[in-house]
Amino acid sequence: MSEVLGRHGSFAVRFERCGRFPGVLYLAPERDAPLRRLTEAMADRWPEAPPYGGQFADVVPHLTVAQAQDDAVLERVEADLRGSLPVTARVASVALMVHNGSRWQQQASFALR
């Protein structure tokens, strides 16, 4: 993974608005091109393991905030978040996360250029 991700430079990301998938509340990046390029690079290198198991034709870059909650909970969380936006960060590495059956754990981290 280092050889694939290390070709990409670090970048700033800014989240200005919330978005929704069914049962999911997320923050949408203002400019998603750098995140799409990272996803595409990984999918090109490992086509046998497409993002989300190939379930979606278009992978939408996002930061999940809440999931598996009823709509009322998601609405309250979104209302609380709106006052804290925008959120900015620098993306300098990519974490490999593994689900152990009950929770997600970071297995490795890969630096961007």
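Here, the structure is the one placed above.
Asker: I'd like to hear about the overall build of the chain, residue by residue, with values.
Answerer: Scanning the chain from N- to C-terminus turns up three helices and six strands. Moving toward the C terminus, one meets the helices and strands of the chain in the order α-β-β-α-β-α-β-β-β. With respect to the three principal axes, the spread of C-alpha positions in the chain is 45 × 30 × 25 Å. Residues counted as buried form 24% of the 113 residues belonging to the chain.

Asker: Give a description of the environment of S93 that names residues and reports values.
Answerer: Looking at the secondary structure, you find S93 in strand β5 (residues 93–99). As for S93 and F11, which are separated by 82 residues in sequence, their C-alpha atoms are 9.7 Å apart.

Asker: Residues and numbers for the nonpolar core, please.
Answerer: A general feature of soluble globular proteins is that nonpolar side chains tend to end up buried together. Formed by 15 residues in total, the largest nonpolar core has its most connected members in C18, L25, L27 and L112. Those elements giving two or more residues to this core turn out to be β1 (11–21), β2 (24–29) and α3 (71–82). The residues touching L27, leaving out its near neighbours within four places in the chain, are F15, R17, C18, H62, L63, V65, L81 and L85.

Asker: Can you tell me about helix α2 (residues 33–45), naming the residues and giving the values?
Answerer: Residues that lie three or four places apart on an α-helix share one face, since the helix turns once every 3.6 residues. The end-to-end C-alpha distance of α2, which contains 13 residues, comes to 18 Å, matching closely the 18 Å that a straight helix rising 1.5 Å per residue would cover. Its buried side turned inward, α2 meets α1 (2–5), β1 and β5.

Asker: Tell me what's going on with unusual backbone geometry, and back it up with residues and numbers.
Answerer: In this model, L85 is joined to P86 through a cis peptide bond whose omega is 5°. Relative to the elements of secondary structure, P86 occurs in the loop between α3 and β4 (87–91). Located in the positive-phi region is Y52, a residue other than glycine, with phi close to 55°. Relative to the helices and strands, Y52 resides in the loop between α2 and β3 (63–67). The phi angle at A68 is positive, at roughly 60°, despite the residue not being glycine. You can see A68 is positioned in the loop between β3 and α3. What makes A68 exposed here is its relative accessible area of 72%.

Thresholds, definitions, all that
Residues numbered from 1 in each chain as written. Predicted model: local features only at pLDDT ≥ 70, side-chain atom pairs only at ≥ 80, totals over all residues. Heavy atoms only, no water. Helix = DSSP H or I, 4+ residues; strand = E, 2+ residues; numbered from the N terminus. Buried < 20%, exposed > 50% of the residue type's maximum accessible area, 1.4 Å probe, protein only. Core = buried A, V, L, I, M, F, W, Y, C linked by side-chain atoms within 4.5 Å. Contact = heavy atoms within 4.5 Å. Expected span 1.5 Å × (residues − 1).

Note that all results are geometric; they support no functional claim without further evidence.
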